[in-house]
Amino acid sequence: MLAPILDALSWIFIIAGIVFCLIGGYGIIKLKDFFARLHAASLIDTLGIGLVFVGLILQAGFTLVAAKLVLILIFVFFTSPTATYALARAAINHDVLPEVETDEERELVRLSKTKEARAPQ
Amino acid sequence: MMFAAAAAGVVITMLLVLVRSLVGPNIYNRILSVNTFGTLSVMLIAIYGFVDDRPEFLDLALTYALINFIGTIAVTKYVTFSDMGHGDDGDPMGDI
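Residues numbered from 1 in each chain as written. Chains lettered and ligands numbered in written order. Predicted model: local features only at pLDDT ≥ 70, side-chain atom pairs only at ≥ 80, totals over all residues.

Asks: What's the story with the overall build of chain B in this structure? I'm lost.
Replies: Along the backbone of chain B there are three helices and zero strands. Overall, chain B shows an N-to-C arrangement of helices and strands of α-α-α. Across the 96 residues of chain B, 35% fall into the buried class. Relative to all contacts within chain B whose residues are 6 or more apart in sequence, the contacts with residues 24 or more apart total 38%. (Helix = DSSP H or I, 4+ residues; strand = E, 2+ residues; numbered from the N terminus. Buried ≥ 20, exposed ≤ 12 C-beta atoms within 10 Å, placed from the backbone. Contact = placed C-beta atoms within 7 Å.)

Right, here's the structure in full:
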């Protein structure tokens, strides 16, 4: 009795995840500066893979397959923000700066560099 | 059938992401794009395991996730410090 409901629910999750992936991919092409693209990529890394894997777990049921999917999901949830952070720090220290308009925002961008990168100025 | 449709959606996203790695104005855009491509290939392998009903593919997906993270960090570190670890003068280059 529960099986059709779980099946429908899992497909809703998977389709939502794929939609988020497509939006993220479109954003990576369309957005104007590097940090905006980083934002679009993190959509794929969190909501995209998260929703798709939750859908696959519901399809798999209470098995070893579901346990492996949970392992991958936990791993990606920890590593993807770490990689994004490392990439953003490397970029901002090498003068790939976000496009901003006001002086206040420019000051914030300057302060966001790490101490070693700020020192030579 | 539905799994094949999901796999097709992931493949389309991979193509979109690949465009950025080809046209990307600097190295950071390319690293970002390749990192996202890796995440999407983890998804594709996991979904393919369900398409073909072969759960062994999940082990491959887990390995891809591990290699993808190490690769991104390694390339970012190499681009930042032009070195993978301690320099010739014994000066620690710092962790990223």
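There is more to say after this.
Asks: Just checking my understanding: could you explain helix 2 (residues 34–60) of chain A for this structure?
Replies: Given 3.6 residues per turn, any residue in an α-helix points the same way as the ones three and four places further on. Helix length check: helix 2 of chain A, at 27 residues, gives a terminal C-alpha distance of 38 Å against a target of 39 Å (1.5 Å per residue), a fit within 8%. At Gly48(A), helix 2 of chain A shows its largest bend, some 25°. (Expected span 1.5 Å × (residues − 1). Bend = angle between axes of the 7 residues up to and from the residue.)

Asks: Is there a simple way to explain the packing of helix 2 of chain A against helix 2 (residues 27–51) of chain B in this structure?
Replies: Relative placement of two packed helices is described by the angle separating their axes and the distance separating the axes. Running from N to C, helix 2 of chain A and helix 2 of chain B cross one another at 10°; their axes reach a closest spacing of 10 Å. On the basis of the axis angle, helix 2 of chain A is roughly parallel to helix 2 of chain B. Across the interface between the two elements, Phe34(A), Arg37(A), Leu38(A), Ala41(A), Ile44(A), Asp45(A), Ile49(A), Val52(A), Leu56(A) and Gln59(A) from helix 2 of chain A touch Tyr28(B), Asn29(B), Leu32(B), Thr36(B), Thr39(B), Leu40(B), Met43(B), Ala46(B) and Phe50(B) from helix 2 of chain B. In terms of residue class, the contact of helix 2 of chain A with helix 2 of chain B is made up of 13 nonpolar, four polar and two charged. (Axes fitted to C-alpha atoms, helices over the stretch in contact; angles between N-to-C directions. Parallel < 35°, antiparallel > 145°, perpendicular 65-115°, else oblique. Nonpolar A, V, L, I, M, F, W, Y, C, P; charged D, E, K, R; others polar.)

Asks: Explain the interface of chain A and chain B here, please?
Replies: Taken together, the contacts link 35 residues of chain A with 36 residues of chain B. Put simply, the parts of the chain that give the side of chain A that touches chain B at least two residues each are helix 1 (3–30), helix 2 and helix 3 (64–93) of chain A. With 15 residues, helix 3 of chain A is the single largest residue contributor to the side of chain A that touches chain B. For the side of chain A that touches chain B, the residue count by class is 27 nonpolar, four polar and four charged.

Asks: Before we go on, may I ask you to explain the confidence of the model for chain B in this structure?
Replies: As a note on interpretation, predicted positions should not be read in detail where pLDDT is low. Residues and elements named next belong to chain B. For chain B, per-residue confidence averages 86 on the pLDDT scale, and 85% of positions sit at 70 or higher. Considering each helix and strand of chain B separately, the mean pLDDT is smallest for helix 3 (residues 57–81), with a value of 89, and largest for helix 2, with 93. Here the prediction assigns the complex a pTM of 0.86, and the interface score ipTM is 0.85. (pLDDT = per-residue confidence, 0-100.)

Asks: Please clarify how the packing of helix 2 of chain A against helix 3 of chain A should be interpreted in this entry.
Replies: Residue and element names in this part refer to chain A. Interhelical geometry of helix 2 versus helix 3 gives an angle of 175° and a closest axis separation of 9 Å. Here helix 3 runs roughly antiparallel to helix 2, going by the angle between their axes. Where helix 2 abuts helix 3, its residues Phe34, Phe35, Leu38, Ser42, Asp45, Thr46, Ile49, Gly50, Phe53, Leu56, Ile57 and Ala60 lie against Val65, Ala66, Leu69, Val70, Ile72, Leu73, Val76, Ser80, Thr84, Ala88 and Ala91. Of the residues that constitute the contact of helix 2 with helix 3, the class distribution is 17 nonpolar, five polar and one charged.

Asks: What's the story with unusual backbone geometry in this structure? I'm lost.
Replies: With the exception of glycine, the majority of residues adopt a negative phi angle, and the majority of peptide bonds are in the trans configuration. All names here are of chain B. Look at aspartate 53: it is not a glycine, yet its phi comes out positive at around 60°. Relative to the assigned elements, aspartate 53 resides in the loop between helix 2 and helix 3. Taking the C-beta count within 10 Å as the criterion, aspartate 53 has 8 such neighbours and is therefore assigned exposed.

Asks: I'm lost on the confidence of the model for chain A in this one. Help?
Replies: Of the residues in chain A, 93% reach a pLDDT of 70 or more, and the chain-wide mean stands at 87. Mean pLDDT values over the elements of chain A span from 61, in helix 5 (residues 115–118) of chain A, up to 93, in helix 1 of chain A.

Asks: Explain helix 3 of chain B to me, please; I cannot follow it from the model alone.
Replies: Between its terminal C-alpha atoms helix 3 of chain B stretches 36 Å, which fits the 36 Å expected from 25 residues at 1.5 Å a residue. Buried residues of helix 3 of chain B: Phe57(B), Leu58(B), Ala61(B), Ala65(B), Asn68(B), Phe69(B), Thr72(B) and Thr76(B), and no others. Check the buried side of helix 3 of chain B and you find it contacts helix 3 of chain A together with helix 2 of chain B. One or two positions beyond helix 3 of chain B, positive phi appears at Ser82(B), with a value near 55°.

Asks: When you look at the nonpolar core in this model, what are you seeing that I'm missing?
Replies: One recurring pattern in soluble globular proteins: nonpolar side chains tend to sit buried together. Membership of the largest hydrophobic core comes to 47 residues, with the highest contact counts inside it found for Met43(B) and Ala46(B). Only helix 1, helix 2 and helix 3 of chain A together with helix 1 (2–23), helix 2 and helix 3 of chain B provide two or more residues apiece to this core. For Ala46(B), the contacting residues outside a window of four places in its chain are Leu56(A), Leu69(A), Ile72(A), Phe57(B), Leu58(B) and Ala61(B). (Core = buried A, V, L, I, M, F, W, Y, C linked by C-beta atoms within 7 Å.)

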